[in-house]
Amino acid sequence: MRVYLLVMLIAAAVTFLTTPVVRRLARATRALTPVRARDVHTVPTPRLGGVAMLAGLAVALLIASRVPFLHDVFHETSTAWAILGGAAMVCLLGVADDIWDLDWMTKLVGQVLAAGLMAWQGVQLITFPVFGLTIGSSRLSLVATILVVVVCINAVNFVDGLDGLAAGMIAIGGGAFFVYTYLLTREAQPGNYANLATAVMAALVGVCIGFLPHNFNPARIFMGDSGSMLLGLVVAAVAIVVTGQIDPATVSTGAVLPAYVPILLPVAVLLLPLLDMTLAVLRRLRAGHSPFHPDRMHLHHRLLGLGHSHRRAVLIMYLWTTVFAFSAVALAVFPTAYVVGGAALAVVVAGVVTYNQLPGLHHGDAGAEPREAAEPEPALAPAGADGATPGDGTPGSSAAGAPSGAPLSGTLAGAPADGGRGARRTTTDHPSHEEPSR
């Protein structure tokens, strides 16, 4: 465990220390979120935070590969370097988009190529730890791998709509994933706790922790697509690696259930963004629009519309992520009946907390943001929500209009949806969240 914590600490330290440098680089390259009358931030805010996150991930993995305890898992296969290579590809793709506003098709092709590179290097979805199922066709395996990776990339990009939201949610969900892989490794490999998935996830959690001090509201830098796509790809890669490492036949009878968790846990970690994406597609189809037609009805928009302050909305999303992710991990440790009961209780508590924190229920609520809480909910005008996906048909993140994390006040004031750069999110992690990459 100490080695993994060291990897996490290194990733956090490198990311934290390099972020100010990247912020200056973003200013030099004009990769900034402009300020408009409808925006919340008062000065142009740099993006490209994903570059610092990539630096933290790369340094942590390089040092981990030199540690005797982890030497074999890094050198027996090229899996770790395939993951790092894929992360570098999507990060550079995000950098190009943050600077030049790539069209959605270019971004989607880049995501597919990055996923294909990882699959070609051995990070492929071949087996499912459920009843020993195996994908019989190499072509089908490649398609399944690319599909999973691209969906995860866009799910994280989709949820990156408020300062600190994506980094915090992945830190929490990744922490749960880290605990699970560590416990499962101890169960399946007694006496040898070295595991690549655990090391990579430790580095990813460290990256998020190191970036959050710069990114939490009010953010001094946004992670941009370079960061959100990197997070999504690494989460998907670790999930794929775990499913390929666990053989239900080698797990003791009392621990058969953990074999199902590699499938449940990634879904639990990304449950909120996946749910948001699904609801958006259904909502748009029901309205007669394209599934990629942007709107302002994403989960974080709804929280802001209810009157929650920016920080409170983010903390509420953190709370629900904690409930879902750690409930899934608990399946690997405790009896199913206890986990179900505990999860149900946690959901009730989270629901009560979410409701009781609504501004207006208590007099003198200092946490509410008057402009967002007092004004009526905006019309469902297509305004480039944070959740645009690779089909929104808009260039870069401003493709569909207002950024995903953009405050509702702009719309409430009657400002028209706008596809320009200035419409990018304002209270968000990164203005390019509208992007078709979602």
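Residues numbered from 1 in each chain as written. Predicted model: local features only at pLDDT ≥ 70, side-chain atom pairs only at ≥ 80, totals over all residues. Heavy atoms only, no water.

## Description of the packing of helix H2 (residues 49-65) against helix H8 (residues 196-215)
To keep it simple, the criterion reads: Angular values range over 0 to 180 degrees, each being the angle between N-to-C directions of two axes fitted as lines to C-alpha atoms, with helices fitted over their stretch in contact. Under the DSSP-based scheme used, a helix requires at least four consecutive residues in state H or I and a strand at least two consecutive residues in state E, with every element numbered from the N terminus. In these notes the angle categories are as follows: under 35 degrees is roughly parallel, over 145 is roughly antiparallel, 65 to 115 is roughly perpendicular, and the rest is oblique. Crossing handedness is read from the near helix: turned anticlockwise from the far helix by less than a right angle, it gives a left-handed crossing, and turned clockwise, a right-handed one. In this analysis, two residues are considered to be in contact whenever any of their non-hydrogen atoms come within 4.5 Å of each other. For this classification, Asp, Glu, Lys and Arg are treated as charged, while Ala, Val, Leu, Ile, Met, Phe, Trp, Tyr, Cys and Pro are nonpolar and the rest, including Gly, are polar.
Between H2 and H8, the shortest axis-to-axis distance is 9 Å and the interhelical angle comes to 140°. Judged by the inter-axis angle, H2 sits oblique to H8. As for how H2 packs across H8, the hand of that crossing is right-handed. For the pair formed by H2 and H8, the contact residues are Gly49, Met53, Gly56, Leu57, Ala60 and Leu61 on the first element and Ala199, Val200, Ala203, Leu204, Val207 and Phe211 on the second. Of the residues contributing to the contact of H2 with H8, the split by class is ten nonpolar, two polar and no charged.

## Considerations on the packing of helix H1 (residues 2-28) against H8
Relative orientation of the contacting elements H1 and H8 amounts to 40°, with a least axis distance of 7 Å. The way H1 lies across H8 gives a crossing that is right-handed. Between H1 and H8, the contacting residues are Tyr4, Val7, Met8, Ala11, Ala12, Thr15, Phe16, Thr19, Pro20 and Arg23 on the first element and Thr198, Ala199, Ala202, Ala203, Val205, Gly206, Val207, Ile209, Gly210, Phe211, Pro213 and His214 on the second. Classifying every residue of the contact of H1 with H8 by side-chain character gives 15 nonpolar, six polar and one charged.

## Focus: helix H13 (residues 310-330)
Formally: Here the expected length of a helix is defined as 1.5 Å per residue gap, with one fewer gap than residues. The buried label applies to any residue whose accessible area, calculated with a 1.4 Å probe on protein chains only, is under 20% of its type's maximum; exposed applies above 50%, and partly exposed to all values in between.
Its 21 residues place the ends of H13 30 Å apart at the C-alpha level, agreeing with the 30 Å of an ideal helix rising 1.5 Å per residue. Burial analysis of H13 places 15 of its 21 residues in the buried class, the great majority of the element.

## A word on the confidence of the model for the protein chain
The criterion, for reference: Every residue is assigned a pLDDT by the predictor, reflecting its confidence on a scale from 0 to 100.
Per-residue pLDDT for the protein chain averages 76, and the proportion of residues at 70 or more is 70%. The lowest-confidence element of the protein chain is helix H16 (residues 409-412), averaging 38 in pLDDT; the highest-confidence one is H2, averaging 96. Scored below 50 in pLDDT, residues 250-256 shows four contacts in the model against residues more than four places distant or in partner chains. The low-confidence segment residues 362-438 (pLDDT under 50) makes 311 contacts with residues lying over four places distant or belonging to another chain.

## Observations concerning the environment of Val329
Looking at where Val329 falls in the secondary structure, it is placed in helix H13. Separated by 146 residues in sequence, Val329 and Leu183 place their C-alpha atoms 9.5 Å apart. Once you skip the residues sitting within four places of it in the chain, Val329 turns out to touch Ala176, Val179, Tyr180 and Leu265.

## As for unusual backbone geometry
Cis rather than trans, the peptide bond between Asn217 and Pro218 has omega equal to 0°. Positive phi, close to 65°, is recorded for Arg30, a residue that is not glycine. For Arg30, the location among the structural elements is in the loop between H1 and strand S1 (32-33). Residue classification places Arg30 among the exposed residues on the basis of a relative accessible area of 62%.

## Regarding empty space enclosed by the protein
What counts, and what does not: Grid points spaced at 1 Å over the protein atoms alone were grouped into cavities, where a 1.4 Å probe fits but cannot get out, and pockets, open sets with protein on both sides within 12 Å along at least five of seven lines, with lining residues defined by an atom within 4 Å of a point. Grid points are joined across faces, edges and corners, and a volume is the space filled by probe spheres set on the points.
Inspection of every chain in the model, using the stated rule, returns one cavity of 30 Å³ or more. Taken as a whole, the largest cavity holds about 30 Å³ of empty space. Around the largest cavity, the lining residues are Val156, Val159, Ala166, Met169, Ile170, Val269, Leu270 and Pro273. Of all the secondary structure elements, the ones that give two or more residues to the lining of the largest cavity are helix H6 (138-159) and helix H7 (165-188). The dominant element in the lining of the largest cavity, judged by the number of residues it contributes, is H7, at three residues. Broken down by class, the residue content of the lining of the largest cavity amounts to eight nonpolar, no polar and no charged.

## Brief notes about helix H14 (residues 336-356)
For an α-helix the count is 3.6 residues per turn, leaving residues at separations of three or four pointing the same way. The condition that has to hold: Picture the helix axis, draw a direction to every C-beta atom, and the arc is the one those directions span.
The end-to-end C-alpha distance of H14, which contains 21 residues, comes to 30 Å, matching closely the 30 Å that a straight helix rising 1.5 Å per residue would cover. Those residues of H14 that sit buried are Val339, Ala343, Ala350 and Thr354. The buried residues of H14 occupy an angular sector of 40° when the element is viewed end-on, so they sit on one face. Looking at H14, the residues exposed on the side facing more than 90 degrees away from the buried face are Ala337, Tyr338, Leu345, Val348 and Tyr355. Looking at the buried side of H14, the elements it contacts are H13.

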